[in-house]
Amino acid sequence: MELKKANAVVLVLLLFVSCQEQPTVSTTQGSAAIECDESLYPIMQLQADDFCKTYTETNITLHAKEAREAVVNFVNDSIRVIVLARRFNKEELDVLKSAGIEYQAFKVALDGVAVIVNSQNRDTTIRITALDSIYNGTSTRWATGKKSLIDAYGGDINSSAGEVFKTQIMKGKPFAPTITRVLSSEKIIEAIKNNPNAIGFVGISWLRGQHDGIRVCRLGGGDYQPDSTVVPGQFFGPSQAHLLRSYYPITREVYMYTREPKRDVSYGFIAFVNDRNGQRNFVNNGLIPVTMPVRMVTTTSEKVQ
């Protein structure tokens, strides 16, 4: 008789627990940790700050990582959402497929990689072939002035900026052993400011507030190629108009990836970046939005009669 009573009590308790209200998941309340391609960190931190300012019950913690490191963490499930300045490459796609990992990809912007030199340097119009020669080690001296030795800087071996630079400028050739590798875009900018003979490259959003001590180069001068949108014989800086027209030769796409099945706050952040305010933030920081219409206005100094 006592055993039956005990069983009845257990049954009641189990029923009571099962009827408890389950916690709800919200896209505008809660916290999320996201790993961000280091070369995109300034603009994505701005996006996170704006999102949290708009939705005051949210907290987005953004961790700057090199692209490949973020992908490894994504595959290993130590992080559920990442932001990359490129698509997954073939090797990464093969790993994701073999592991049976389901994810969603959101293309959110078009970005560029800016080539920068010290403000004392007058060699700011550079042929693509010459830039290739600098980074493969063929060219070692500047063409003007005292023709000093070139000190070329690049990001970490796992950086997306270095990967796109090697693909689009060097056609897959390796960087010369003489290239100085540094761990962050911030350190590249610092090195350029402190060295009159230096050259390097960073993501466009890293240029914000950094114009003192550096100059942004114009690239081009290539010969006509049927499969290229680069204008032969002309040189272009990484302005939004030139990125949009594909005249500037080092462009890349920005993607947000998630393997989180719940519609949680990380989904809310992705939606925010894709919507009007997030896309406007890209425009205000030199990138090109991809989910909102873009209108280019051409200005002229000529008077309209």
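Residues numbered from 1 in each chain as written. Predicted model: local features only at pLDDT ≥ 70, side-chain atom pairs only at ≥ 80, totals over all residues. Heavy atoms only, no water.

With 54 residues, the main nonpolar core has Met44, Val115, Tyr135, Phe165 and Ile199 as its most contacted residues. When residues in this core are grouped by element, the largest group, six residues, is from strand 4 (residues 104-118). Of all hydrophobic cores here, the second largest spans 13 residues; its members include Ile116, Ala198, Val202 and Trp206. (Core = buried A, V, L, I, M, F, W, Y, C linked by side-chain atoms within 4.5 Å. Buried < 20%, exposed > 50% of the residue type's maximum accessible area, 1.4 Å probe, protein only. Helix = DSSP H or I, 4+ residues; strand = E, 2+ residues; numbered from the N terminus.)

What follows is about the confidence of the model for the protein chain. Residue-level pLDDT values for the protein chain average 87, and 85% of them are 70 or greater. The lowest-confidence element of the protein chain is helix 1 (residues 2-18), averaging 42 in pLDDT; the highest-confidence one is strand 3 (residues 81-84), averaging 98. Segment residues 1-20 is flagged for pLDDT under 50; beyond a separation of four residues in sequence, or across chains, it makes zero contacts in the model. Here residues 298-305 scores under 50 on pLDDT; set against residues more than four positions off or in separate chains, the count is one contact. (pLDDT = per-residue confidence, 0-100. Contact = heavy atoms within 4.5 Å.)

Going through the model one piece at a time under the given rule, you end up with 12 salt bridges. Between Arg80 and Glu260 there is a salt bridge, and its shortest N-O distance comes to 3.5 Å. With Arg80 in the loop between helix 3 (67-75) and strand 3 and Glu260 in the loop between strand 12 (251-258) and helix 9 (265-274), this residue pair connects regions lying 180 residues apart in the sequence. Overall, Arg80 belongs to the partly exposed group, its relative accessible area being 26%. Looking at Glu260, the relative accessible area reads 12%, which means it is buried. Overlapping salt bridges, with partners in common, bring together Arg68, Arg86, Glu92 and Glu163 in one network. (Salt bridge = Lys/Arg side-chain N within 4 Å of Asp/Glu carboxyl O.)

Below, the discussion takes up the sheet that holds strand 11 (residues 235-236). Taken in spatial order, the three strands of this open sheet run 5-10-11, and their pairing is mixed. Looking at the sheet topology across the chains shown, the edges are occupied by strand 5 (125-127) and strand 11. As defined by bridge partners, strand 10 (residues 218-220) adjoins strand 11 across two bridges and the pair is classed as antiparallel. Of the residues in strand 11, the one forming a bridge with Gly220 is Phe235. With respect to the sheet, helix 5 (residues 128-136) is in contact with strand 5 and strand 10, its orientation differing from that of strand 5 by roughly 80°. (Pairing = 2+ DSSP bridges. Axes fitted to C-alpha atoms, helices over the stretch in contact; angles between N-to-C directions.)

This paragraph deals with the packing of helix 2 (residues 41-54) against helix 9. Closest axis-to-axis distance for the helix 2/helix 9 pair is 10 Å, and the angle between their directions is 110°. By the angle between their axes, helix 2 is roughly perpendicular relative to helix 9. Between helix 2 and helix 9 lies a crossing whose hand is right-handed. Residues Met44, Gln47, Ala48, Asp50, Phe51 and Thr54 of helix 2 touch helix 9, and the partners they reach there are Val265, Gly268, Phe269, Phe272 and Val273. Among the residues forming the contact of helix 2 with helix 9, the class breakdown is seven nonpolar, three polar and one charged. (Parallel < 35°, antiparallel > 145°, perpendicular 65-115°, else oblique. Left-handed = near helix turned anticlockwise from the far one by under 90°. Nonpolar A, V, L, I, M, F, W, Y, C, P; charged D, E, K, R; others polar.)

This paragraph deals with the pairing of strand 4. The two faces of a sheet get side chains in turn, since along a regular strand they alternate between them. Of all 15 residues in strand 4, 11 are buried, a share of seventy percent or more. Examined bridge by bridge, strand 4 and strand 12 share eight bridges and lie antiparallel to one another. Paired with Gln104 across the two strands is Thr258, which belongs to strand 12. Pairing between strand 4 and strand 13 (residues 288-289): two bridges, direction antiparallel. Along strand 13, the bridge assignment pairs Ala109 with Pro289. Where strand 4 lies against strand 8 (residues 198-203), five bridges are found, and the strand directions are antiparallel. What sits directly across from Ile116, in strand 8, is Gly200. In the sheet, strand 4 pairs with strand 9 (residues 214-216) via three bridges, with the strands oriented antiparallel. Paired with Asn118 across the bridge in strand 9 is Ile214.

Moving on: the packing of helix 3 against helix 4 (residues 90-98). Between helix 3 and helix 4, the least distance of the axes is 11 Å, while the angle of their chain directions is 10°. With respect to helix 4, the element helix 3 is oriented roughly parallel. From helix 3, Arg68, Val71, Phe74 and Val75 reach across to helix 4, where they touch Glu92, Val95 and Leu96.

Before going further, it helps to examine the packing of aromatic side chains. All chains considered together, the criterion is met by 16 aromatic pairs. A ring pair is formed by Phe165 and Phe201, whose centres lie 4.3 Å apart and whose planes are at 5°; its orientation type is stacked. Of the two residues, Phe165 sits in helix 6 (residues 160-168) while Phe201 sits in strand 8, which places them 36 residues apart along the sequence. Each of the two residues, Phe165 as well as Phe201, counts as buried. Taken together through their ring pairs, the aromatic side chains of Phe74, Phe88, Tyr103, Tyr255 and Tyr257 make up a single cluster. In this arrangement the basic side chain of Arg263 is found over the ring face of Tyr267, its NZ or CZ atom lying 4.3 Å from the centre. (Phe/Tyr/Trp six-rings, centres within 6.5 Å; stacked < 30°, edge-to-face > 60°. Lys NZ or Arg CZ within 6 Å of the ring centre and 35° of its normal.)

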